[in-house]
Amino acid sequence: MTASAVPSPPPGTGLDASAPRTFPPDENAYDRRRLRQWITGDATAGGVSRRRLLTLLAATTAATALPGAGPARAADATIVKPLPPEWFVRRGTNAETRWEALRGTGHHTPNELFFVRNHTATPVLDAHDWRLRLWGSGLRGAPGEDRPLEFGYDDLRALPAVTRTVAVECAGNGRGHYTNQQGETVSGTAWGLGAIGVARWRGVRLADVLRRAGLSSSAVDVQPRGLDAEYVSGGESLGRVRRPMPLAKALDDVLLAYEMNGEPVPYDHGYPVRVLVPSWVGIASIKWVGDIEVSARPLFSPWNTAFYRLFGPAHPPEGSAPLTRQTLKSAFELASGATFPAGERQVLHGRSWSGAGAVARVDVSTDGGASWRPARLHDDGRAGTWTRWSVPWTPGAPGPAQLLARATDTAGRRQPDIAVPNTQGYLFDAVVRHPVTVVRAARSTPAGEGTP
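For the structure given in this document, a descriptive report is provided here. (Residues numbered from 1 in each chain as written. Predicted model: local features only at pLDDT ≥ 70, side-chain atom pairs only at ≥ 80, totals over all residues. Heavy atoms only, no water.)

Spatially, four strands are ordered E15-E17-E21-E20 in an open sheet, and the strand pairing comes out antiparallel. Across the chains shown, the open sheet's two edge strands, defined by having one partner strand only, are strand E15 (329-332) and strand E20 (376-377). Sheet analysis places E20 next to strand E21 (residues 386-393), joined by two bridges and oriented antiparallel. By the bridge assignment, arginine 376 is partnered in E21 with serine 390. (Pairing = 2+ DSSP bridges. Helix = DSSP H or I, 4+ residues; strand = E, 2+ residues; numbered from the N terminus.)

This part is about the sheet that holds strand E3 (residues 131-135). Reading across from one edge, E4-E3-E14-E7-E10 is the order of the five strands in this open sheet, with mixed pairing throughout. Since the sheet does not close on itself, it has two edges, and those belong to strand E4 (149-152) and strand E10 (245-246), each with one partner. Both strand E7 (residues 221-226) and strand E14 (residues 289-295) contribute to a ladder of six bridges, which runs antiparallel. Across the sheet, valine 222 pairs through a bridge with valine 294, a residue of E14.

So, about empty space enclosed by the protein. This structure, assessed with the given rule, holds three cavities of 30 Å³ or more. What lines the largest cavity is a set of 21 residues, and nearest its centre among them are Arg117, Arg274, Gly282, Ser285 and Lys287. Roughly 100 Å³ of volume is contained in the second largest cavity. Among the elements that take part in the lining of the second largest cavity, strand E5 (residues 162-169) stands out by supplying three residues, more than any other. A class-by-class count of the residues in the lining of the second largest cavity yields five nonpolar, six polar and one charged. (1 Å grid on protein atoms, 1.4 Å probe; cavity = no way out; pocket = protein on both sides within 12 Å on 5 of 7 lines; lining within 4 Å. Points joined across faces, edges and corners; volume = space filled by probe spheres on them. Nonpolar A, V, L, I, M, F, W, Y, C, P; charged D, E, K, R; others polar.)

Summarising the element assignment, proline 110 is placed in the loop between strand E2 (94-97) and E3. Separated by 151 residues in the primary sequence, proline 110 and asparagine 261 place their C-alpha atoms 7.5 Å from one another. Not counting residues up to four positions away in its chain, the partners in contact with proline 110 are Thr105 and Asn261. (Contact = heavy atoms within 4.5 Å.)

So, about helix H5 (residues 206-213). Residue pairs three or four apart in sequence face the same way in an α-helix, which turns once every 3.6 residues. Counted residue by residue, H5 has six buried out of eight residues, so it is predominantly covered. Listing the buried residues of H5 in full gives Leu206, Ala207, Val209, Leu210, Arg211 and Ala213. Just beyond H5, the residue with positive phi is glycine 214, at close to 95 degrees. (Buried < 20%, exposed > 50% of the residue type's maximum accessible area, 1.4 Å probe, protein only.)

This next bit is on the nonpolar core. Ranked by internal contacts, the top residues of the largest apolar core, which has 50 residues, are Leu132, Leu134, Val209, Leu210, Val222, Leu256 and Ile292. When residues of this core are traced back to their parent elements, those giving at least two are E3, E4, helix H3 (153-157), H5, helix H6 (247-250), strand E11 (255-260) and E14. Considering each element in turn, this core owes the most residues, five residues, to H5. Setting aside chain neighbours within four positions, we find leucine 132 in contact with Leu149, Glu150, Phe151, Val209, Leu256, Val289, Gly290, Asp291 and Ile292. Within the second largest apolar cluster, 20 residues are counted, among which are Phe332, Leu334, Ala338 and Val359. (Core = buried A, V, L, I, M, F, W, Y, C linked by side-chain atoms within 4.5 Å.)

Another point: the pattern of salt bridges. Overall, the coordinates contain 13 salt bridges when judged by the stated rule. Between arginine 240 and aspartate 291 there is a salt bridge whose closest N-O contact spans 3.4 Å. One end of the pair, arginine 240, is in the loop between strand E9 (236-237) and E10; the other, aspartate 291, is in strand E14, and 51 residues separate them in sequence. Take aspartate 291: its relative accessible area is 6%, and that puts it in the buried class. The partner of aspartate 363 in a salt bridge is arginine 361, and the shortest N-O contact between them spans 2.8 Å. (Salt bridge = Lys/Arg side-chain N within 4 Å of Asp/Glu carboxyl O.)

Within E5, six of the eight residues are buried, leaving the element largely enclosed by the surrounding structure. In terms of strand pairing, E5 meets strand E6 (residues 196-205) through eight bridges, oriented antiparallel. Opposite threonine 163, over in E6, you have arginine 202 as the bridge partner.

What follows is about the packing of aromatic side chains. For the coordinates displayed, the defined rule picks out 16 aromatic pairs. Their ring planes at 85 degrees and their centres at 6.5 Å tell us that tyrosine 231 and phenylalanine 307 sit as a pair that is edge-to-face. One end of the pair, tyrosine 231, is in the loop between E7 and strand E8 (232-233); the other, phenylalanine 307, is in the loop between E14 and E15, with 76 residues separating them in the sequence. Pairwise contacts between aromatic rings join Phe114, Phe115, Trp191 and Trp201 into one cluster. Here the guanidinium or amino end of arginine 406 rests over the ring plane of tryptophan 372, the centre of that ring lying 4.0 Å away. (Phe/Tyr/Trp six-rings, centres within 6.5 Å; stacked < 30°, edge-to-face > 60°. Lys NZ or Arg CZ within 6 Å of the ring centre and 35° of its normal.)

Within the secondary structure, histidine 269 sits in the loop between strand E12 (263-264) and strand E13 (274-276). Note on histidine 269: relative accessible area 2%, which makes it buried. There is a polar contact of 3.0 Å between the side chain of histidine 269 and the side chain of lysine 81. Among all residues touching histidine 269, those that are not within four sequence positions of it are Lys81, Asn111, Phe114, Phe115, Val116, Met260, Arg274 and Lys287. (Polar contact = N/O pair within 3.5 Å; in protein donor to acceptor, adjacent residues only side chain to side chain.)

Encoded structure:
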C-alpha cells in the first residue's frame, strides 16, 4: 500500500474505535512480564532463531567478550561528519564527545559535537526515496511485511509537529569507569562519560502515525528497525538493528524526529528520520528508521535479549529485564588531568542528568570526597535532559587532586560511591573521580580574575 493509500482516522476521533486507549506506561510491570515471556519462549524474534539467541545469551552470561568492531583505521568511513581530535575520541565505529569541548556551548549540544554510536556504518540516504513502512498483526487487517502501509518523508512533515528537548545516551556510557575506577572486567566499548548529547528535536508523535496506520485493540508491542547494514556477530547476521517497546510507551512520548537543533537530522544521527524515546537507553532511539512492526504478540530481538540486559553475580541467573530507563550521572566540563594554578580562584562547570526524573541537587567535592558543598544549578529541573551547574574553587597546595560531583534527582535517587557491576558494563551510575593537577602559580592573580 502506498503512502497516498494510508487510511485516514474516523472523523472526530483520530483513531479506530477499537484501538487501545493511551495510559501512562507501567514500565516495571512490562519489563517483568516480557522477561517471563522470553524465558518461557512465548514470543516472536523476527528472523533470529531462539537457539541463536540462547547461544548469544550463554556467551553473555559467561562474561565472554562478544564480537564487535575492531579499531578504526585512518581511512575508516563509518562516520560521515568530521571528527577533530580536540572534540572527539574515536572508539571503533563510534565517536565520544570530549567534555572539555562542551564548555560554553549552552544547553543543547551542537550537532557537530554530538556523540556517534553506530553498530555498523552511517548510511547515506535520500529523503525523496525514503519510506516508513508499518506492518504487523497489531494493525487493522494485519498487513504483512511484503504489503505494508507506507508514509513518505513529506507525509510525515505534513502531520502536526512537536518540538522537544531530549537527551540521547548510550546504555554503556561510563562503562570504562567499571574498569579504571572499580577494577571490574566488562565487555563492550570503554566509553568515558561522553556518550550523551542533548538536542532540540522536531518531528511527529509516533502515536499519530500508528493511529493513522490503523492501530488495532490487539496490539501489544511496537518494534522500529533501522536501515543501516545488518549487524554480524560470531559470523552470523543478526539482521538490522531493532528493539521493541510496549505500546503504552509508543503512544506516550515517542517521536519520529526529522529535525535536530533546527536543521534536518544529520546523516550520523539518523537522517532522514529517527526514533526518539525520551529517558530510555539510546538503543531504543533507532536511527535511520525504515519500518515499524506493530504486533499482537510479544516481540524480542538480540537487542533486548542477549544485549542490553544485566548479567552477573548481582543479577538473576537468567539476567535482568530488558533495559529501559537511564541512570543518574554527573560530569565536569574538563579534560582528564586538567591543570589549575594554586591559589587562583576558579569556577568549575559541569552537567548532571537522570532517566528517572529531573535533577534536584548536585554536590561537589574538591578534596577527593572528604567534604561536599552544593553547586549552583543553572537550569530549571526538567526530566529527559541535563542540568548545568557550577561551583567556585580556589585550589590549594600543588599536587594531584580529585574532583567529584554527585547528583540527586526528583525520584529520590542519589549517585552511589560504587556502581553495581554487570558483565556488559551497562548503566554505570557511581560518582566519578575526575583527576586534575594543581601547579605552582606563575604569578599572583587578584581574586575573581582566575580562569573560568
